[in-house]
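The residues making up each chain are set out below.
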There are 4 protein chains.
Amino acid sequence: MAAFTPADAAFEPRVRESFAKQTVMATIGAALARVAPGEIDIELPNRPALAQQHGFLHAGILATILDSACGYAAFTLMPPDAAVLSVEFKINLLAPADGERFVARGRVVRAGRNISVCQADAFALLPDGEKHVATMVGTMMCVRDRAELRG
Amino acid sequence: MAAFTPADAAFEPRVRESFAKQTVMATIGAALARVAPGEIDIELPNRPALAQQHGFLHAGILATILDSACGYAAFTLMPPDAAVLSVEFKINLLAPADGERFVARGRVVRAGRNISVCQADAFALLPDGEKHVATMVGTMMCVRDRAELRG
Amino acid sequence: MAAFTPADAAFEPRVRESFAKQTVMATIGAALARVAPGEIDIELPNRPALAQQHGFLHAGILATILDSACGYAAFTLMPPDAAVLSVEFKINLLAPADGERFVARGRVVRAGRNISVCQADAFALLPDGEKHVATMVGTMMCVRDRAELRG
Amino acid sequence: MAAFTPADAAFEPRVRESFAKQTVMATIGAALARVAPGEIDIELPNRPALAQQHGFLHAGILATILDSACGYAAFTLMPPDAAVLSVEFKINLLAPADGERFVARGRVVRAGRNISVCQADAFALLPDGEKHVATMVGTMMCVRDRAELRG
């Protein structure tokens, strides 16, 4: 995997400030665990209020943390005045999402001027190790010229 | 689009009972609005607690209601003893998800014995009409032989 | 579905000229059957040289005509000096692709300044009607400023 | 990445025999370069007859070799009497596909009894190294009970 040099040395506070505005993260209880150039980890303690019909974490909640992991991984490499928007993403569910804690790890596959492609994987953190529960590939857009989008 | 004949005449209470077990739906405030053979509508009032960094509904929350719309659309056509699981889905974001209310409309494109393909669209319900904000295509699996999966 | 007004009244010859440069279309025997604002049909007679291991049309060849149907559907709505590139696409295979002839029907779902989202469906044309064999949703980019991309 | 133990020790001749039936591979000039448990490499020399409108390799031809790389990666781990079919795949295009030679490298992410998830990457082989031109994630199905599907 490529090593990335961020255009903005202050990428970490910029990412953390933007993440803090994602109210949905507080609602589901997700936290930004790691910020590095082109890489983001988001952690989510499991809770009964986020389940699908069999008691597993709902795939849409996995998609929520994976999408933000992709978006902020791309955002680490963008210039200070840019905003990031998701164009599309796909998620494959690999195993039932049970366990006490999940982590979504996103990374940039290709950083473009306008379009970045990112990949993210979700793992259930179990007593005996990690279980790979989902994988995502998504397209993220760098938006520069729209005043209504901040951060 | 094909018209579907459900294998189980009591598909509607079966869908409603399973949907009621999806605790995440109550958490985000989503409700099952319509159940028909091969078709599901899920409604979601917008709320500040579900936002991404610009104040729009987070794409993962759109994915949550679209995924359930796809899954339950497939579930309407499954036999009474089956469970439904998402194999994968992809979502394309078409426009910023703002507005007071959203609806996710899912429908079966192809119903197979083991695998069904579904499509779902999300609309923001605005004073002057509907705005198409996202489209999903997903693969849903019919699971018959696993006792731990109910409904 | 929305009706589209092309930015360039001469969209049809522009599409046909570009399609004629896609040498792969002649190689597989595909032809541009219909060009309308935001809509493209591409036809492909089946031939033994395009098969996968069971004798069905290879999914990648379906993807080839579906991707071009998406790309040119978007291209009908672009300005005269633009080029179109595929950002990503996903295809779901719905039924075995057998039959003497296939058609890929693409249409624009959302036309944006830089990014368009398109959908395309492939049908096998059988004596007793059409069989829906695949569905695609893809993201197409409008490129204006790169001299090396023509048409 | 997990190491896989094939259910069928004779997986390699089984894969090579099935690949040889994919007539489209001879048509486009692709060859099976490497067969290992859960991993497949397919090589494709570039040729003018496979181009899109700007002279790059058409995305659908990239999809063709990536899909077969995914399918046969899954097939290496299947029992001798099984057939493999593609359920769906998504491809993200990362860079223009030019160069004299391409390789598609597929690998199994999760091997299930019925459903396997695979990833594949395509690289242009250039004088100064490899250029990553596309990435795919796909779902492959193991089919056991259909006599009309062989290999």
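Predicted model, so just to flag it, every value in this text is computed and none were measured. (Residues numbered from 1 in each chain as written. Chains lettered and ligands numbered in written order. Predicted model: local features only at pLDDT ≥ 70, side-chain atom pairs only at ≥ 80, totals over all residues. Heavy atoms only, no water.)

**Q** Explain the packing of aromatic side chains to me, please; I cannot follow it from the model alone.
**A** When we look at a pair of aromatic rings, we describe it by the centre distance and by the angle of the planes. All names here are of chain A. Scanning the model with the defined rule gives eight aromatic pairs over all chains in all. A network of ring pairs unites the aromatic residues Phe19, Tyr72 and Phe75 as a single cluster. One cation-aromatic arrangement involves Arg14 over Phe75; the distance from NZ or CZ to the ring centre is 4.6 Å. (Phe/Tyr/Trp six-rings, centres within 6.5 Å; stacked < 30°, edge-to-face > 60°. Lys NZ or Arg CZ within 6 Å of the ring centre and 35° of its normal.)

**Q** Teacher, can you tell me more about the pairing of strand S3 (residues 83-93) of chain A here?
**A** Residues in a regular strand project their side chains so that they alternate between the two faces of the sheet. The buried fraction of S3 of chain A amounts to 10 of the 11 residues, a majority that puts the element mostly inside the structure. Bridge analysis of S3 of chain A against strand S6 (residues 129-143) of chain A gives 10 bridges, and the strand direction is antiparallel. By the bridge assignment, Asn92 of chain A is partnered in S6 of chain A with Thr135 of chain A. For S3 of chain A and strand S3 (residues 83-93) of chain B, the ladder comprises five bridges, and the chain directions are antiparallel. Paired with Ile91 of chain A across the strands is Phe89 of chain B, a residue of S3 of chain B. (Buried < 20%, exposed > 50% of the residue type's maximum accessible area, 1.4 Å probe, protein only. Helix = DSSP H or I, 4+ residues; strand = E, 2+ residues; numbered from the N terminus. Pairing = 2+ DSSP bridges.)

**Q** Would you mind going over the interface of chain D and chain C with me for this structure?
**A** Note: interface size is frequently given as the accessible area lost on complex formation between the parts. Contacts between the two partners involve 40 residues from chain D and, on the opposite side, 40 residues from chain C. Roughly 3000 Å² is buried in total at the junction of chain D and chain C, and carbon and sulfur atoms are behind 56% of that figure. Where chain D touches chain C, the interface holds zero salt bridges. Among the secondary structure elements, those contributing two or more residues to the side of chain D that touches chain C are helix H1 (11-21), helix H2 (23-28), helix H3 (59-75) and strand S3 (83-93) of chain D. If you tally residues by element for the side of chain D that touches chain C, the top one is S3 of chain D, at 11 residues. Along the lines of polarity and charge, the residues of the side of chain D that touches chain C split into 20 nonpolar, 14 polar and six charged. (Contact = heavy atoms within 4.5 Å. Buried area = accessible area lost by both parts, 1.4 Å probe. Salt bridge = Lys/Arg side-chain N within 4 Å of Asp/Glu carboxyl O. Nonpolar A, V, L, I, M, F, W, Y, C, P; charged D, E, K, R; others polar.)

**Q** Sorry, what's going on with the sheet that holds strand S5 (residues 115-126) of chain D here?
**A** Within a sheet, each strand pairs with its neighbour through backbone hydrogen bonds, oriented either parallel or antiparallel. Reading across the sheet, the 12 strands line up as S1(C)-S2(C)-S4(C)-S5(C)-S6(C)-S3(C)-S3(D)-S6(D)-S5(D)-S4(D)-S2(D)-S1(D) and stay open at both edges, with antiparallel pairing between neighbours. Each edge of the sheet is formed by a strand with only one pairing partner; in this case those strands are strand S1 (31-36) of chain C together with strand S1 (31-36) of chain D. Across the sheet, the mean angle separating the axes of adjacent strands is 20 degrees when strand polarity is ignored. Looking at chain direction, strand S2 (residues 39-45) of chain D and strand S4 (residues 101-111) of chain D are connected through seven bridges and run antiparallel. Within the sheet, the bridge partner assigned to Asp41 of chain D lies in S4 of chain D and is Arg105 of chain D. Strands in contact with H1 of chain D are S1 and S2 of chain D; relative to S1 of chain D, the strand with the most contacts, it is inclined by about 160 degrees. Against the sheet, H3 of chain D contacts strand S3 (83-93) of chain C together with S2, S3, S4, S5 and strand S6 (129-143) of chain D, and its axis sits at roughly 135 degrees relative to S3 of chain D. (Axes fitted to C-alpha atoms, helices over the stretch in contact; angles between N-to-C directions.)

**Q** Would you take a moment to explain the state of the cysteines for this structure?
**A** By definition, a disulfide links two cysteine residues through a covalent bond between their sulfur atoms. Within this structure, the stated rule accounts for zero disulfides over all chains. Left without a disulfide partner, Cys70 of chain A is nearest to the cysteine sulfur of Cys118 of chain A, which lies 5.2 Å away. Classification of Cys70 of chain A by relative accessible area gives buried; the value is 0%. With no disulfide of its own, Cys142 of chain D lies 12 Å from the sulfur of Cys118 of chain D, the closest cysteine sulfur. (Disulfide = S-S within 2.5 Å.)

**Q** Please clarify how the interface of chain D and chain B should be interpreted in this entry.
**A** Each side of the interface is counted separately: chain D has six residues, and chain B has six residues. Taking both sides of the interface into account, the surface hidden between chain D and chain B amounts to around 430 Å²; carbon and sulfur atoms contribute 83%. Its largest share of buried area at the contact with chain B, chain D owes to Val87, Glu88 and Ile115 of chain D, together 59% of the area lost on that side. At the junction of chain D and chain B, the tally comes to zero residue pairs in polar contact (both at pLDDT 80 or more). (Polar contact = N/O pair within 3.5 Å; in protein donor to acceptor, adjacent residues only side chain to side chain.)

**Q** What's the story with the sheet that holds strand S2 (residues 39-45) of chain A in this structure? I'm lost.
**A** Taken in spatial order, the 12 strands line up as S1(A)-S2(A)-S4(A)-S5(A)-S6(A)-S3(A)-S3(B)-S6(B)-S5(B)-S4(B)-S2(B)-S1(B) in an open sheet, and their pairing is antiparallel. Here the strands that pair on one side only, and so sit at the sheet edges, are strand S1 (31-36) of chain A together with strand S1 (31-36) of chain B. Neighbouring strand axes in the sheet, compared pairwise and without regard to direction, differ in orientation by 20 degrees on average. In this sheet, strand S2 (residues 39-45) of chain B lies alongside S1 of chain B in antiparallel orientation, the contact comprising five bridges. When the sheet's bridge partners are listed, Leu32 of chain B is paired in S2 of chain B with Ile42 of chain B. Running over the sheet, helix H3 (residues 59-75) of chain A touches S2, S3, strand S4 (101-111), strand S5 (115-126) and S6 of chain A together with S3 of chain B and is turned about 135 degrees from S3 of chain A. Contacts from helix H3 (residues 59-75) of chain B reach S3 of chain A together with S2, S3, strand S4 (101-111), strand S5 (115-126) and strand S6 (129-143) of chain B, with the element oriented near 135 degrees to S3 of chain B.

**Q** What am I meant to see in the packing of H3 of chain A against H3 of chain B here?
**A** When two helices pack together, their arrangement is captured by the angle between the axes and the distance separating the axes. One way to put it is that H3 of chain A packs onto H3 of chain B with a least axis distance of 8 Å and a crossing angle of 155 degrees. Classed by the angle they form, the pair H3 of chain A and H3 of chain B counts as roughly antiparallel. Handedness of the H3 of chain A/H3 of chain B crossing: right-handed. From H3 of chain A, Ala59, Gly60, Ile61, Ala63, Thr64 and Asp67 of chain A reach across to H3 of chain B, where they touch Ala59, Gly60, Ile61, Ala63, Thr64 and Asp67 of chain B. Broken down by class, the residue content of the contact of H3 of chain A with H3 of chain B amounts to six nonpolar, four polar and two charged. (Parallel < 35°, antiparallel > 145°, perpendicular 65-115°, else oblique. Left-handed = near helix turned anticlockwise from the far one by under 90°.)

**Q** Any chance you could explain the relation of the copies chain D and chain C here in plain terms?
**A** The relation between the two chain copies is a rotation about an axis coupled with a shift along that axis. Relative to chain C, chain D is turned by 180 degrees and slid 0.0 Å along the rotation axis, the superposed coordinates differing by an RMSD of 0.0 Å. Taken together, the rotation and translation describe the operation of a two-fold axis. Of the C-alpha atoms belonging to chain D, the one lying closest to the rotation axis is found on Lys90 of chain D, 2.0 Å away. (Least-squares fit on C-alpha atoms with pLDDT ≥ 70 in both.)

**Q** Whenever I open this one, helix H3 (residues 59-75) of chain C confuses me. Can you help?
**A** One turn of the α-helix equals 3.6 residues, which is why residues spaced by three or four share an orientation. Between the first and last C-alpha of H3 of chain C there are 24 Å, a value that for 17 residues agrees with the 24 Å anticipated at 1.5 Å per step. Most of H3 of chain C sits inside the fold, with 17 of its 17 residues counted as buried. (Expected span 1.5 Å × (residues − 1).)

**Q** Help me out: how do you make sense of the relation of the copies chain D and chain B in this one?
**A** Mapping chain D onto chain B leaves a residual RMSD of 0.0 Å; the transformation is a rotation of 180 degrees accompanied by 0.0 Å of translation along its axis. An overlap of 100% is found between the interface residues of chain D and their copies at the interface of chain B, pointing to a shared contact surface.

**Q** Just to check I follow, could you spell out the environment of Asp98 of chain B for this structure?
**A** Residue and element names in this part refer to chain B. With respect to the helices, strands and loops of the structure, Asp98 is situated in the loop between S3 and S4. Distance from Asp98 to Thr5, taken between C-alpha atoms, is 36 Å for residues 93 residues apart in sequence. What Asp98 contacts, discounting residues up to four positions off in sequence, is Asn46, Phe56, Ala124, Leu126 and Lys131. Here the side chain of Asp98 touches Lys131 through a polar contact of 2.8 Å, side chain to side chain.

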